[in-house]
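The primary structure of each chain is shown beneath.
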Amino acid sequence: MDPIINLILFFCVGIAMLLLSVLAITTRSLLRAAIYLLLVLICTAGLYLFLNFHFLAAVQLSVYAGGVVILFVFAIFLTTNKGEMLLGHSFQRYVYGALAVILGVAVTVFAWMKHRFLYAPGPGLTGDWEINMKVIGQTLLGTGKHQYLLPFEILSVLLLACIIGGILIARKK
Amino acid sequence: MFFVGIFGFVTRKNMIAILISLELVLNAVEINFAVFNRYLHPQHLDGMFFTLFGIAITAAETAVALAIIINAYRTVGNIDIKNLSKMKE
């Protein structure tokens with residue numbers, strides 16, 4: 001692909017993500033916030049595609065955009081009364097929040113400017129480095145160095161615990 | 001590229017739709033993992049798998065949190081954090 005077009009598209013996705021995330025936290029209707037969240041997550045999947053993490057983009061779309069947002073929408077429908085709008089907090093809290101945000105951004109930008117990253121050689125944004133599906137599978141289920149069988153199994157136990165906990169919490173008394 | 005770090009910080013402002021902004025923050029962190037993996041160590045896949053596990057853990061956490069919220073709604077009647085100062089009625 002043409003590098004310039006790639007770069008322009010990348011910046012479009014990035015700016016769209018920023019705007020949509022700001023919208024998601026400032027909108028007054030919860031359902032709209034959930035929809036903005038969905039769009040942000042889809043943009044994230046696009047970003048992963050730019051980075052040639054195709055598997056990751058697929059996981060992002062199916063788990064986040066497919067599962068989590070549906071859960072959100074169901075929970076919103078179950079818990080909001082008709083026509084209910086979000087109420088704001090006191091002004092003081094906004095000041096504290098803005099202070100924390102400004103400090104955080106300052107620290108991040110400072111660290112980013114200060115530090116020289118050792119960029120690896122190779123095609124960055126514009127190259128096509130497709131990761132082999134076989135490599136992904138072997139890395140996920142191997143036991144050697146840089147292989148991830150143990151976290152995989154721990155994660156399965158965690159998911160089981162989540163299912164049991166969810167049933168326990170949501171059960172009628 | 002480092003939009004995303006700032007993006008995570010900006011979203012922290014919200015106190016009401018806390019869970020949604022939490023999702024945004026976690027998403028930003030995951031993007032950072034993937035990006036660092038791609039640009040600094042493209043020969044390894046570590047960042048990608050961190051992101052993968054992060055996504056799975058986030059999904060589980062969201063499910064449990066929403067179950068708790070629905071339960072709280074059933075007890076209290078709405079989901080404002082102001083009305084949830086008691087753990088037990």
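Calculation rules
- Residues numbered from 1 in each chain as written.
- Chains lettered and ligands numbered in written order.
- Predicted model: local features only at pLDDT ≥ 70, side-chain atom pairs only at ≥ 80, totals over all residues.
- Heavy atoms only, no water.
- Helix = DSSP H or I, 4+ residues; strand = E, 2+ residues; numbered from the N terminus.
- Contact = heavy atoms within 4.5 Å.
- Areas by Shrake-Rupley, 256 points an atom, 1.4 Å probe, with all protein chains shown as cover.
- pLDDT = per-residue confidence, 0-100.
- Buried < 20%, exposed > 50% of the residue type's maximum accessible area, 1.4 Å probe, protein only.
- Expected span 1.5 Å × (residues − 1).
- Arc of directions from axis to C-beta.

Asker: Any chance you could break down the overall build of chain A for me, citing the residues and the numbers?
Answerer: Along its length, chain A carries 6 helices and 0 strands. Element order for chain A, N to C, with α for helix and β for strand: α-α-α-α-α-α. For chain A, contacts bridging at least 24 residues in sequence account for 53% of all contacts bridging at least 6. Accessible surface for chain A amounts to roughly 11,200 Å². Of this, 74% is attributable to carbon and sulfur atoms.

Asker: Quick rundown of the confidence of the model for chain A? Include the residues and the values.
Answerer: Of all residues in chain A, 81% attain a pLDDT of 70 or more, and the chain-wide mean is 76. Model confidence for chain A, summarised as mean pLDDT per element, is weakest for helix α5 (residues 133-140) of chain A at 74 and strongest for helix α2 (residues 30-50) of chain A at 85.

Asker: Lay out the environment of Ile70 of chain B with the relevant residues and their values.
Answerer: Checked against the element boundaries, Ile70 of chain B lands in helix α3 (residues 46-76). Under the relative-accessibility criterion, Ile70 of chain B is labelled partly exposed at 22%. Setting aside its immediate chain neighbours within four residues, Ile70 of chain B contacts Ala75, Leu78 and Thr79 of chain A.

Asker: Give a detailed account of helix α6 (residues 149-170) of chain A, specifying residues and quantitative values.
Answerer: Residues and elements named next belong to chain A. Taking 1.5 Å of rise per residue, 22 residues should cover 32 Å, and α6 covers 32 Å from first to last C-alpha, within 8% of that figure. Within α6 the residues assigned to the buried category are Leu155, Cys162 and Gly166. Axial view of α6: buried residues confined to an arc of 25 degrees, hence all on one face. Turned more than 90 degrees off the buried face of α6, the exposed positions are Leu150, Ile154, Val157, Ile167 and Leu168.

Asker: Explain the environment of Leu140 of chain A to me, using residue names and the numbers behind them.
Answerer: Within the secondary structure, Leu140 of chain A sits in helix α5. Sequence spacing of Leu140 of chain A and Val105 of chain A is 35 residues, and the spatial spacing of their C-alpha atoms is 35 Å. The contact partners of Leu140 of chain A, leaving out residues within four places of it in the chain, are Tyr148, Leu149 and Phe152 of chain A together with Phe49 and Phe53 of chain B.

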